[in-house]
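Inside the fold
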Amino acid sequence: MPAALVNVPAKAKRGAVIEIKTLMSHVMEPGYRHTAAGEVVPRDIITSFTCRFNGAEIFRADLFPAIAANPFLSFFTTASESGRFEFEWIGDNGFVATASAAIIVE
Amino acid sequence: MMRRAAIAILALLGAALPGLAGEIGESARRSGYEFMSADTKAMQDDNTANPAMLSVLDGETLWRTKAGAAGKSCSDCHGAVDVSMKGVAARYPAFNAASGAPVDLGQRVNLCRRQHQEAEPFAPESRELLALTALIARQSRGMPITAGDDPRLAPSVAHGRALFMQRQGQLNLACTNCHDDNWDKHLAGSAITQAQPTGYPIYRLEWQGMGSLQRRLRGCMTGVRAQAYDFDAPDMIALELYLTSRAHGMAVEAPAVRP
Amino acid sequence: MESMFDPSHISRRLLLQLAGTLAAASALPLVTVRTARATPAMLASAIRNLVGEAHVQVGKVRLDIPPLVENGNTVPMTVSVDHPMTADNCVKSIHIFNEKNPQPNIANFYLTPSAGRAQVTTRIRLADTQKVVAIAKLSDGSFWSVSVDVIVTLAACTEELP
């Protein structure tokens, strides 16, 4: 039951550059660690993050095992019109998580 | 790495021994926050960047989830967490009249589960227990710590203090040797700090996850190569209580970030 | 619910309920290993895979990482590129590499002109004191880079997971 935190301004002026912050709970097990018994702990990471605005991709990231647990990503976008941001995290073992946030542009 | 730390501890304290344990004066007390880098402070300060807030979110769901044979949720009895739990964590560990002993916040949650929800208690350091204690502790953020004020706790505070002063482990170190006498120094790359438990449960960068004060104390005991107290052992609770009373009046920061 | 944040902070929090479970992983007693390591040669090869035969110029890119890291498990990192973000002249992507982790890639970020500002912040893992490299690809096909040295200190008292 992973929790995600997404921070998008609820309102922005047209043309303003706004920051979007996301935090997703995930162990990001790198796949290079061994148990005390010597067995490799299999890799279990988020491999891809995408942010879309009104259906169009505005930001995407490929993530590798060097991304810390509970991945944090912050990036920018220009407020052009009111609408909805959709966030998607995809990872190993069928991991898929989504979130969304609306913005009103004046 | 442990061996390197052990050598560093001995090198550090070789000169300091056999100094008397000097307790820290009220005005000299500093939260672990003060020892952190600007980046780690920023991580704690921004609620949308503090990974401990994921645990708080998790706790909000658990707070409203019915559990146990009684089919009750925390909110069924306590209502809104930001009202009913405001200031509660600042008083913990607190005296439990039924057992005549102190209980910490995690134990209090588990007492509720057993008695009122008729559910199995959560395991120490379980995701659920950390989430609920993070949620509850968060409602005391910024409030002064008052744990230990209850006069019925005096014998436990004194016992906890004795444990803090008592040398233990293969390195033969007491908590006080580092955290009263050498808190302004470094051990390997890390600040030693004063061991003021203002932010628990914490998100520790080293753990890449949440943990309780008990987990942190067990880590310290392993560090001096002592047998760590069991989770929830009376000595563990007494030590937690002494540490918290030692931080009397300092602001609750939970859920904090620590390196 | 709103109590969790200062109301002046306009934020939306979303709790996602998912079918997958992650609970089991934390129960394993783990020790870190330092076997397969990236090398400067692997770093060079990873960069070559990105840029091909193109010349990588130094400049435009800025990498903010604390020079002395408190814990290599979680290192804040901000990368930014001093370049316009317009439809016909923009930063297409930013790629982060390291030289001593088990593999050289850290992250790739793909931007669009609507970003307004070519800047991304994340948190990375650095297994040891090492070099971190960021390379930006611009819409004109040119590559720009920066490299920084980061000192990673060892935690004094480590422990096994409970």
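Bear in mind the structure is a predicted one, so any value in this text is a computation, not a measurement.

This part covers the overall build of chain A. Within chain A, the secondary structure is distributed over zero helices and nine strands. Along the chain direction, N to C, the helices and strands of chain A fall in the order β-β-β-β-β-β-β-β-β. Looking at chain A residue by residue over its 106 residues, the buried ones come to 46%. Contacts in chain A between residues far apart in sequence, at least 24 positions, make up 58% of those at least 6 positions apart.

When its secondary structure is counted, chain B shows eleven helices and seven strands. On C-alpha atoms alone, chain B measures out to a radius of gyration of 18 Å, which is about the 18 Å that the 2.2 N^0.38 rule sets for 259 residues. If one aligns the C-alpha atoms of chain B with their principal axes, the spans along those axes are about 60 × 40 × 35 Å. Residue burial in chain B is summarised as follows: out of 259 residues, 49% are buried.

So, on to the sheet that holds strand 5 (residues 202-204) of chain B. Residue and element names in this part refer to chain B. Sheet architecture is open: three strands sit in the order 6-5-7, paired in mixed fashion. Two strands close off the open sheet at either side, each with one partner strand: strand 6 (209-211) and strand 7 (257-258). Pairing between strand 5 and strand 6: three bridges, direction antiparallel. If you follow Arg204 over to strand 6, its bridge partner there is Gly209.

Residue and element names in this part refer to chain B. Within helix 10 (residues 213-223), nine of the eleven residues are buried, which leaves the element mostly enclosed by the surrounding structure. When we look at burial in helix 10, the residues that qualify are Leu213, Gln214, Arg215, Arg216, Leu217, Arg218, Gly219, Met221 and Gly223. At the exit of helix 10 stands Arg225, carrying a positive phi of roughly 60°.

Residue and element names in this part refer to chain B. Annotation of chain B at the domain level lists domain 1 (2-10 + 30-46 + 145-258) and domain 2 (52-138). Centre-to-centre, using C-alpha coordinates, domain 1 lies 22 Å away from domain 2. Counting residues at the interface gives 27 residues for domain 1, matched by 23 residues for domain 2. Sorting the residues of the side of domain 1 that touches domain 2 by element identifies strand 5, strand 6, helix 10 and helix 11 (234-246) as the ones contributing at least two each. Here the side of domain 1 that touches domain 2 takes five residues from helix 11, the largest share from any one element. Per-class residue counts for the side of domain 1 that touches domain 2 are 16 nonpolar, six polar and five charged.

Attention now moves to the nonpolar core. The tendency in soluble globular proteins is for nonpolar side chains to be buried side by side. By size, the foremost hydrophobic cluster in this structure holds 124 residues, and its most contacted members are Ile67 of chain A, Ala134 of chain B together with Ile94 and Ala136 of chain C. Take this core: its biggest share by element is eight residues, from helix 7 (residues 127-138) of chain B. Among the domains, domain 1 (2-10 + 30-46 + 145-258) and domain 2 (52-138) of chain B are the pair contributing at least three residues each to this core. With residues up to four places along the chain from it excluded, the contact list for Ile94 of chain C reads Val79, Val81, Phe109, Ala118, Val120, Ala134 and Ala136 of chain C.

A word on the pairing of strand 8 (residues 105-111) of chain C. Residues and elements named next belong to chain C. Taken across its seven residues, strand 8 has five buried, putting it largely inside the fold. One ladder, built from five bridges, connects strand 7 (residues 91-98) with strand 8; its direction is antiparallel. Residue Ile96 lies in a different strand from strand 8, and its bridge partner there is Ala107. Hairpin connection between strand 7 and strand 8: a loop of six residues separates the two successive antiparallel strands.

Across the contact, ten residues belong to chain A and nine residues belong to chain B. Those elements giving two or more residues to the side of chain A that touches chain B turn out to be strand 1 (3-7) and strand 3 (17-24) of chain A. For the side of chain A that touches chain B, the per-class residue count stands at six nonpolar, three polar and one charged.

Right, let's get into the environment of Leu130 of chain B. Residue and element names in this part refer to chain B. Looking at the secondary structure, you find Leu130 in helix 7. With 27 C-beta atoms counted inside 10 Å, the residue Leu130 sits in the buried group. Taking the C-alpha atoms as reference points, Leu130 and Asp58, 72 residues apart in sequence, are found 9.4 Å from one another. The residues touching Leu130, leaving out its near neighbours within four places in the chain, are Ser55, Glu125, Pro201, Met210 and Ser212.

Conventions adopted
Residues numbered from 1 in each chain as written. Chains lettered and ligands numbered in written order. Predicted model: local features only at pLDDT ≥ 70, side-chain atom pairs only at ≥ 80, totals over all residues. Helix = DSSP H or I, 4+ residues; strand = E, 2+ residues; numbered from the N terminus. Buried ≥ 20, exposed ≤ 12 C-beta atoms within 10 Å, placed from the backbone. Contact = placed C-beta atoms within 7 Å. Rg over C-alpha atoms; globule rule 2.2 N^0.38 Å. Pairing = 2+ DSSP bridges. Domains from an automatic or database assignment. Nonpolar A, V, L, I, M, F, W, Y, C, P; charged D, E, K, R; others polar. Core = buried A, V, L, I, M, F, W, Y, C linked by C-beta atoms within 7 Å.

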